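Tertiary structure, described
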Amino acid sequence: MAELNRESFVIRGKDTVRMESISRPSLSFWQDAWRRLKKNRAAFIGLCVVIFYTIMAVFAPMFSQYSLSDMDVTSRNAFISAEHWLGCDATGRDLWVRIWMGARVSLSIGFIAAIINACVGAVIGGLCGFYGGKLDMIVMRLVDLLYGIPSLIITILVVMVLGKGITPLIVAMCVVGWIGTCRFVRGEVYRIKEQDFVMAAKVLGIPDFKIIIKHIIPNILGMLVTNLCMAIPGAIFQEAFLSYIGLGITPPNCSWGVICKEGITYLRYYPHQVFIPAFFVCTTMLALNLLGNGLRDAVDPRLRGTE
Amino acid sequence: MRKYIFKRLVAAVLTMWVLITVVFFLVRLMPGDPFQNPKMTAEIRANMESYYGFDKPLIVQYGNYMKNLFKGDLGYSMKFTNKTVNGIIAESFPFSADLGIRALVFAVSFGLVLGIISARNRGGKLDFFCVIVAVLGTSIPDFIMGAVLQYGFGIKWGLLPVAQYQGIEYTILPACAIGFYTLASVSRIMRASMLEVASQDYIKTARSKGVSEFRITAKHQIRNAIMPVMTIMGPTVASVLTGTFVIESIFAIPGMGKYYVESVSNNDYSMVLGMTIFYGVFLIFCNLVVDVLYGVADPRVRIGER
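Residues numbered from 1 in each chain as written. Chains lettered and ligands numbered in written order. Predicted model: local features only at pLDDT ≥ 70, side-chain atom pairs only at ≥ 80, totals over all residues. Heavy atoms only, no water.

1. Thoughts on the pattern of salt bridges
- Overall, the coordinates contain 13 salt bridges over all chains when judged by the stated rule.
- Of the charged contacts, one joins R8(B) and D291(B) as a salt bridge, the two residues approaching to 2.8 Å between their closest N and O atoms. Of this pair, R8(B) sits in helix α1 (residues 2-29) while D291(B) sits in helix α13 (residues 269-297); the two residues are 283 residues apart in sequence, bridging distant segments of the chain.
- Between E213(B) and R207(B) there is a salt bridge, with the nearest N and O atoms lying 2.8 Å from each other.
- With relative accessibility at 35%, the residue E213(B) sits in the partly exposed group.
- Note on R207(B): relative accessible area 41%, which makes it partly exposed.
- Several salt bridges share partner residues, and in doing so they unite D32(A), R35(A) and R36(A) into one network. (Salt bridge = Lys/Arg side-chain N within 4 Å of Asp/Glu carboxyl O. Helix = DSSP H or I, 4+ residues; strand = E, 2+ residues; numbered from the N terminus. Buried < 20%, exposed > 50% of the residue type's maximum accessible area, 1.4 Å probe, protein only.)

2. Points about the confidence of the model for chain B
All names here are of chain B.
- When pLDDT is averaged along chain B, the result is 82; 95% of the residues meet or exceed 70.
- Taking the mean pLDDT of every element in chain B, the minimum, 65, falls on helix α14 (residues 299-304) and the maximum, 90, on helix α8 (residues 201-208).
- ipTM for the predicted complex: 0.80, alongside a pTM of 0.83. (pLDDT = per-residue confidence, 0-100.)

3. With respect to the packing of helix α7 (residues 166-193) of chain A against helix α9 (residues 208-244) of chain A
Residues and elements named next belong to chain A.
- The interhelical angle for the contact between α7 and α9, taken along N-to-C directions, is 155°, at an axis separation of 10 Å. With respect to each other, α7 and α9 are oriented roughly antiparallel. Note on packing geometry: the crossing formed by α7 with α9 is right-handed. Residue-level inspection shows L169, M173, T181, F184, V185, E188, V189 and I192 of α7 in contact with α9, the latter providing I216, N219, I220, M223, L224, N227, A235, Q238, E239 and L242.
- Residues of the contact of α7 with α9, tallied by class, amount to twelve nonpolar, four polar and two charged. (Axes fitted to C-alpha atoms, helices over the stretch in contact; angles between N-to-C directions. Parallel < 35°, antiparallel > 145°, perpendicular 65-115°, else oblique. Left-handed = near helix turned anticlockwise from the far one by under 90°. Contact = heavy atoms within 4.5 Å. Nonpolar A, V, L, I, M, F, W, Y, C, P; charged D, E, K, R; others polar.)

4. Structural notes on the packing of helix α11 (residues 272-299) of chain A against helix α5 (residues 125-139) of chain B
- Between α11(A) and α5(B), the least distance of the axes is 8 Å, while the angle of their chain directions is 125°. As the angle between them shows, α11(A) and α5(B) are arranged oblique. Classified by chirality, the crossing of α5(B) by α11(A) is right-handed. Together, C282(A), M285(A), L286(A), N289(A) and L290(A) of α11(A) and V135(B), L136(B), T138(B) and S139(B) of α5(B) make up the contact between the two elements.
- Class assignment of the residues belonging to the contact of α11(A) with α5(B) gives a composition of six nonpolar, three polar and no charged.

5. Some details on the interface of chain A and chain B
- Across the contact, 36 residues belong to chain A and 46 residues belong to chain B.
- Counting each side, the surface lost to burial between chain A and chain B is near 3,600 Å², with a carbon and sulfur contribution of 78%.
- Contact with chain B buries area across many residues of chain A, yet L157(A), M160(A) and V161(A) alone supply 15% of it, more than any other trio.
- Counting every contact that joins chain A to chain B gives zero salt bridges.
- The interface formed by chain A and chain B contains two residue pairs in polar contact (both at pLDDT 80 or more).
- Contributing elements (two or more residues each) for the side of chain A that touches chain B: α5 (133-148), α6 (151-162), α9, α10 (256-264) and α11 of chain A.
- Residue contributions to the side of chain A that touches chain B peak at ten residues, all from α11(A).
- Tallied by class, the residues present in the side of chain A that touches chain B amount to 27 nonpolar, five polar and four charged. (Buried area = accessible area lost by both parts, 1.4 Å probe. Polar contact = N/O pair within 3.5 Å; in protein donor to acceptor, adjacent residues only side chain to side chain.)

6. Here's the deal with a nonpolar patch on the surface
Residues and elements named next belong to chain A.
- Together, F29, W30, F209, I213, I217 and L221 give the surface a local cluster of nonpolar side chains, amounting to about 560 Å² of exposed area.
- Elements represented by at least two residues in the nonpolar patch include exactly α2 (29-39) and α9.
- The element contributing the most residues to the nonpolar patch is α9, with four residues.
- For W30, the location among the structural elements is in helix α2.
- On the basis of relative accessible area, W30 is assigned to the partly exposed category, the value being 37%. (Patch = residues over 30% accessible without salt bridge, like charges linked within 9 Å, V, L, I, M, F, W, Y side chains within 5 Å. Areas by Shrake-Rupley, 256 points an atom, 1.4 Å probe, with all protein chains shown as cover.)

Right under this line is the structure:
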């Protein structure tokens with residue numbers, strides 16, 4: 001009987017070359033996240049709405065025959081018409097223009113405040129988490145202290161001290177706004193720092209700076225962007241609230257909060273003056289919330305459907 | 001346990017002191033002053049200032065204020081003549097508290113129920129409905145909610161009183177408007193933690209022992225899932241309080257929020273100072289209670305503290 005050895009057998013249909021080849025182009029983390037985000041219909045619609053509103057806020061007022069404070073006495077409290085696309089307010093100002101001018105203010109405050117908060121919080125939280133020690137202890141005591149004080153009260157007082165307007169509003173929101181991000185980033189950095197790949201990098205003698213850039217930041221960036229996206233509606237809401245109680249944007253400037261406030265006086269007779277700006281505020285918040293949820297699922301698929 | 005409570009207490013007192021000090025000095029930094037009457041001569045002005053103690057150095061004012069604060073005295077209002085800040089708070093706080101408690105009870109009970117239903121029917125139609133309510137709730141600011149409810153139920157259909165405060169039916173709309181956001185966030189958190197608990201081993205054990213589904217949910221799942229909801233009770237009280245600011249002015253309820261907003265625009269130093277401190281201390285106290293309760297309910301929290 002002939003000796004049976006490996007050479008005398010061939011596995012049919014097995015192509016070792018094809019087995020080893022990579023069938024799809026490899027995706028980077030962000031490409032992968034983008035692919036998942038596109039699949040999530042709600043989040044994608046949210047993204048489109050946000051982009052649409054931003055574009056409209058920039059261009060719509062430019063192409064309108066009316067300006068922010070043009071008063072058309074004959075069409076006071078006018079309802080939606082061909083002349084005034086979204087009607088007019090009590091002094092005959094065109095709501096279409098006012099809504100988009102308000103969008104400029106509301107959206108930019110929302111975005112800028114959220115971005116500043118995220119950056120400041122990430123830097124402070126990152127430093128505390130990575131280096132620990134005395135710095136960490138001092139900052140965390142401070143954070144605990146600030147966390148206990150209701151943030152709204154501090155925001156109101158800071159606005160009162162700095163005066164009204166866009167910049168004071170943003171500053172006031174940032175005084176305490178970074179704390180949430182700081183706590184979250186510190187926790188994440190602390191957790192990642194203990195993991196083996198960071199240990200390996202350290203053992204290999206890679207400087208701290210490079211470890212932070214190469215290993216830690218990519219690992220928290222996804223969650224940070226998600227957090228940022230979730231923080232924007234909060235900031236828009238805060239602006240609307242402060243403007244509503246008369247502390248934020250003051251006439252002649254306008255924001256969505258201001259328009260709502262002006263409209264509510266005439267709620268009984270001209271409800272469209274409240275409901276139209278309210279529609280834009282709500283859809284923006286909804287879009288950003290959906291986008292935030294989608295982003296969270298996209299950067300960390302394990303969390304999908306848990307919330 | 002006693003040590004944990006003590007620690008929390010010290011932290012709370014320290015936070016209150018920082019809050020009071022910061023607020024005191026911030027209020028003095030504000031532009032404008034309460035005596036902005038053009039008819040006021042320099043002499044009257046000086047009299048007024050010495051009456052309210054503004055002519056003394058800042059640090060002495062601070063010392064006096066702290067001394068009075070220990071006695072529970074917040075001073076006189078500068079705009080509402082002859083009224084003490086204590087008096088105004090005592091007058092208006094019951095309205096706000098009443099409204100706030102109703103809103104909180106409404107939001108938490110309905111939020112929990114929605115969260116539980118949603119988690120029990122995961123992926124089903126009911127779940128979809130609950131998730132939509134939750135997403136909408138977090139996207140609609142409370143003043144818009146207030147306006148919508150007022151217009152729909154009050155003006156258009158005339159089912160409920162439009163404004164003011166004269167009985168229980170007057171509180172339904174404002175309480176719903178304030179509570180809707182909280183309802184949404186409570187239901188989201190409850191749903192998430194219910195789902196997390198559902199995959200735990202003790203649930204499997206209970207199920208394999210043949211415990212009925214109802215008993216599993218009621219006895220095992222809800223009890224464990226309710227913990228994360230408790231952690232947000234502190235911020236929730238704060239957000240309900242914020243809600244009262246605008247909702248009170250929309251529904252013309254004579255509560256603290258309305259007075260606060262008015263004093264802010266009037267530059268009424270002593271009122272702003274007194275009410276801010278009252279709000280701050282109240283919220284810090286609520287946080288303290290929540291922390292302690294959380295420590296009682298879940299021993300892991302106590303041990304987790306260094």
